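Geometric and topological summary
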Amino acid sequence: RVKVSFDAMDDEPAAKRCRRAEVPFSLEELQQEIRDLRADPPVYVSDVGDLKTPPLICDEQGQLKVPTDPERNGPWDLQLCISGAEGDEAYGGPCRVSIRFDPDLWPAKLPLVRFRGVFHHALTDDNGAMLMPFYRGMPRDARDACTLRLTLQAIHCFLQDPFKAWKLPAERLPEKFQRALDVHRKINAERLEIIEKYKSKVLHPELFTSKVKDEWLDPAFGKAMKENTPSAWRKILTEEIPGVYSFKLVTEAFCDTFLEEVFNFYKSGLPAKRPNSMNAYGIILNDIGMEPLIDELQRVLQPLGELLFPGPGNCWDGHHCFIVRYRSGEDLGLDMHTDDSDVTFNLCLGLDFTGAGLQFCGMSGAPDHRKHRHSYFHRKGHCVMHLGRRRHGADDITSGERLNLILWNHSSTYRSSEESESPPYDAETGPPDPVCVSYTHDRDFGNFKAYPKGKEHFRGRGWCPRRSFEYPGFEPDCESEEEDRHA
C-alpha cells in the first residue's frame, strides 16, 4: 500500500505550527455543542456518540499515563460517522471517526481526528489519523478556534477533496500523490462492493451484527464476563508460559455456525484478499461485512488485555481479523514470525485434524527470542492469547483441516508511545533452537534447517538477527553475505 506523509515538510514542531485559542474548551461547552449537533445534524453526520475519557493516554514525551482530573482537564473522545460526497462508491457511505479534544497535548480548540475501523486512504497515517496539512487547513471561528461543527465540516470536505481541505492547489503537488489517492480509493471501493454483494448470500445474518450472543460464549467465560473482576478472569485462564494464556471462549455449536458462514463465502465465488503475506487461503472477516461483530468481540475481550498486558492491552481501537486455513494441497503450516498486532487472540474453530501445533519462542528483541518456550495444541472453541511481539509459528498439519479465527488488536494510544516505537533490541546470547528459526526472516536459517521446497529464494533475504547483534560465532547461510562480511 502506498502512503504519503507531509510530516517532513516542516522542521518546526507541530504544536508551534498551530495557533492557540484564547479560551480553552471545557467539558460543558463540548456537551452543549453535541446537544446542538443532535438537534440539527448536517446530512453527512450520523451515529453521534457521547463524550468519553480514555483510560490511558500517551503524553508528548511518549509516556503512557492515566488521565488526571479528566472532568476538568480531559481528554475527551467523541465517536460518530461522517460521509463524503453522496454516491461516492469509496467514501460516500458512513465513515467511522474518533475526535479527541485534548488541551494538554494540543493547542486549545484544535481536536485530533482519526478514522476508526477499516479505512483505506493515502493521506492518513497507518493508524487512520489525519496528517498535519489537515490541521493547518481547518476552519476557525471568530475566537480563532475550531468548533465541533467546523471540525465535522473539515472532515466531510476531506472525504470529498483532501487537497481542498488542506488548502493546497492540486496542480502544485507531485503526480504520485494523486496516484496514491487513486490506489486507496480503489481498495476502499472494492471492499465495500464485496460487502454489499455478499449481503444477499449471507447464511447467518446474526454474524453480521454488533451483538455477541450469550449462547455463543462458553458458560465459564460468560460468567467471568458478567463478574468482570481480576479473580473471575483468572479462574478461566491457563497460563501456558508467562505471557501466553489460553481459555475456552466459545461453544462448539458456535464454531460450527461460524464455519458454515466461512464455507458459504468460499462458495459465493466473491474475491477474498489474502489476510497477510504468509497465508494464501484465508479470509479477512472485516472485508466481508463482519466488522460490527468483531468490534463487539474485541470489546468483550478488552478486559483480558487490560488485566494481562497493561499498555498494549489497553484502549484497543482497531483490529485486523481473519481466518487461516490449513489442509493438504494448500497452506500446511506457518513459518516463524511475529504479528503486526499489540495483542493477538487465536481461536480454533475446528475441523478434525492432527498435527498443526503452535510453537512459541521468545519476545522479539530479547537475547533469547529464538529459543523455544512452549508447544501449544489447538482445541475447538479454545483461544490462545499473547503479545504480537512474541515469535511463534504453526507446525505442518499432518491430516484433516484446521481453521482458526485470528484477531489482531491495535491500540493507537500504545502505538504512539516510546515503549512501542522504540522497543529494546539486544544481541543474541547464543545460537537459536532449530524449531524457532524462520526461512522468511532469518539470515542463518540454512545452518539449522533445509529450506522448504519452493522457499529457496528466501536465502540471503533475511534480516534477523540484526547486524552487530549476532550471537558469538554467527555465520550467515548465504555466500554473498559472507563475502560482504569479509570485504
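Keep in mind that this is a model prediction, so the values were computed, not measured. (Residues numbered from 1 in each chain as written. Predicted model: local features only at pLDDT ≥ 70, side-chain atom pairs only at ≥ 80, totals over all residues. Heavy atoms only, no water.)

Along its length, the protein chain carries 14 helices and 18 strands. Per-residue burial for the protein chain yields a buried fraction of 54% across its 487 residues. Nonlocal contacts in the protein chain, meaning residues at least 24 apart in sequence, comprise 73% of its contacts between residues at least 6 apart. With the model as given, the accessible surface of the protein chain reaches about 22900 Å², and the carbon-plus-sulfur share is 50%. (Helix = DSSP H or I, 4+ residues; strand = E, 2+ residues; numbered from the N terminus. Buried < 20%, exposed > 50% of the residue type's maximum accessible area, 1.4 Å probe, protein only. Contact = heavy atoms within 4.5 Å. Areas by Shrake-Rupley, 256 points an atom, 1.4 Å probe, with all protein chains shown as cover.)

This paragraph deals with the confidence of the model for the protein chain. Confidence in the prediction of the protein chain, expressed as mean pLDDT, is 88, and 88% of residues score 70 or more. Below a pLDDT of 50 lies the segment residues 1–23, which in the model reaches 51 contacts outside its immediate sequence neighbourhood of four places, other chains included. (pLDDT = per-residue confidence, 0-100.)

Take the state of the cysteines next. As enumerated under the stated definition, the model contains 1 disulfide in all. A sulfur-sulfur distance of 1.9 Å marks the disulfide that ties Cys361 to Cys436. One quick way to see it: the torsion about the S-S bond of Cys361 and Cys436 is about -95°, and its sign makes the bridge left-handed. Of this pair, Cys361 sits in strand β14 (residues 358–363) while Cys436 sits in the loop between α13 (418–421) and α14 (479–486), placing them 75 residues apart in sequence. Of the residues examined, Cys436 reaches a relative accessible area of 0% and is grouped as buried. Lacking any disulfide linkage, Cys255 is separated from the closest cysteine sulfur, that of Cys348, by 7.2 Å. The buried category is assigned to Cys255, whose relative accessible area is 0%. (Disulfide = S-S within 2.5 Å.)

So, on to unusual backbone geometry. Here the bond from Cys464 into Pro465 is cis, since omega is -5°, no more than 30 degrees from zero. With respect to the helices, strands and loops of the structure, Pro465 is situated in the loop between α13 and α14. One non-glycine residue with positive phi stands out, namely Asp47, at about 50°. Considering the arrangement of structural elements, one finds Asp47 in the loop between β1 (45–46) and β2 (57–58).

A separate point is the side chain of His382. Examined against the element boundaries, His382 turns out to sit in strand β16 (residues 382–387). When near neighbours in sequence (up to four residues on either side) are disregarded, His382 contacts Phe247, Lys248, Leu249, Asn346, Leu347, Cys348 and Tyr376.

For the pair helix α2 (residues 27–39) and helix α5 (residues 148–160), interaxial distance at closest approach is 9 Å and the crossing angle is 60°. Taken together, α2 and α5 sit at an angle that is classed as oblique. Across the interface between the two elements, Glu33, Ile34, Asp36 and Leu37 of α2 pack against Leu148, Arg149 and Leu152 of α5. Partitioned by chemical class, the residues of the contact of α2 with α5 number 4 nonpolar, no polar and 3 charged. (Axes fitted to C-alpha atoms, helices over the stretch in contact; angles between N-to-C directions. Parallel < 35°, antiparallel > 145°, perpendicular 65-115°, else oblique. Nonpolar A, V, L, I, M, F, W, Y, C, P; charged D, E, K, R; others polar.)

What follows covers the packing of aromatic side chains. Counted under the stated rule, the structure contains 22 aromatic pairs. Put simply, the rings of Tyr91, Phe115, Phe119, Phe134, Tyr135 and Phe158 touch in pairs and so form one group of aromatic residues. Over the ring of Tyr266 we find Arg325; its NZ or CZ atom is 4.3 Å from the centre of that ring. Taking NZ or CZ as reference, Arg466 lies 4.0 Å from the ring centre of Tyr425, over its face. (Phe/Tyr/Trp six-rings, centres within 6.5 Å; stacked < 30°, edge-to-face > 60°. Lys NZ or Arg CZ within 6 Å of the ring centre and 35° of its normal.)

Counting buried positions along strand β12 (residues 343–350) gives 8 out of 8 residues, so the element sits mostly inside the fold. Bridging between β12 and β16 involves 5 bridges; their strand directions are antiparallel. Each bridged residue has a counterpart across the sheet, and for Thr344 the counterpart in β16 is His386. (Pairing = 2+ DSSP bridges.)

One side chain can pair with another of opposite charge once the charged atoms of both are near each other. Across all of its chains, the model carries 22 salt bridges by this definition. In this structure, the salt-bridge partner of Lys197 is Glu193, at a minimum N-O distance of 3.3 Å. On the criterion of helical spacing, the pair formed by Lys197 and Glu193 is a turn pair, its members being 4 residues apart in helix α7 (residues 175–198). Residue Lys197 is classed as partly exposed on the basis of its relative accessible area of 44%. Of the residues examined, Glu193 reaches a relative accessible area of 41% and is grouped as partly exposed. With a shortest N-O distance of 2.8 Å, Arg370 and Glu428 are connected by a salt bridge. Highlighted residues: Arg370 in the loop between β14 and β15 (374–376) and Glu428 in the loop between α13 and α14, separated in sequence by 58 residues. Within this structure, Arg96, Arg191, Asp287, Glu291 and Asp295 form a network of salt bridges that share partners. (Salt bridge = Lys/Arg side-chain N within 4 Å of Asp/Glu carboxyl O.)

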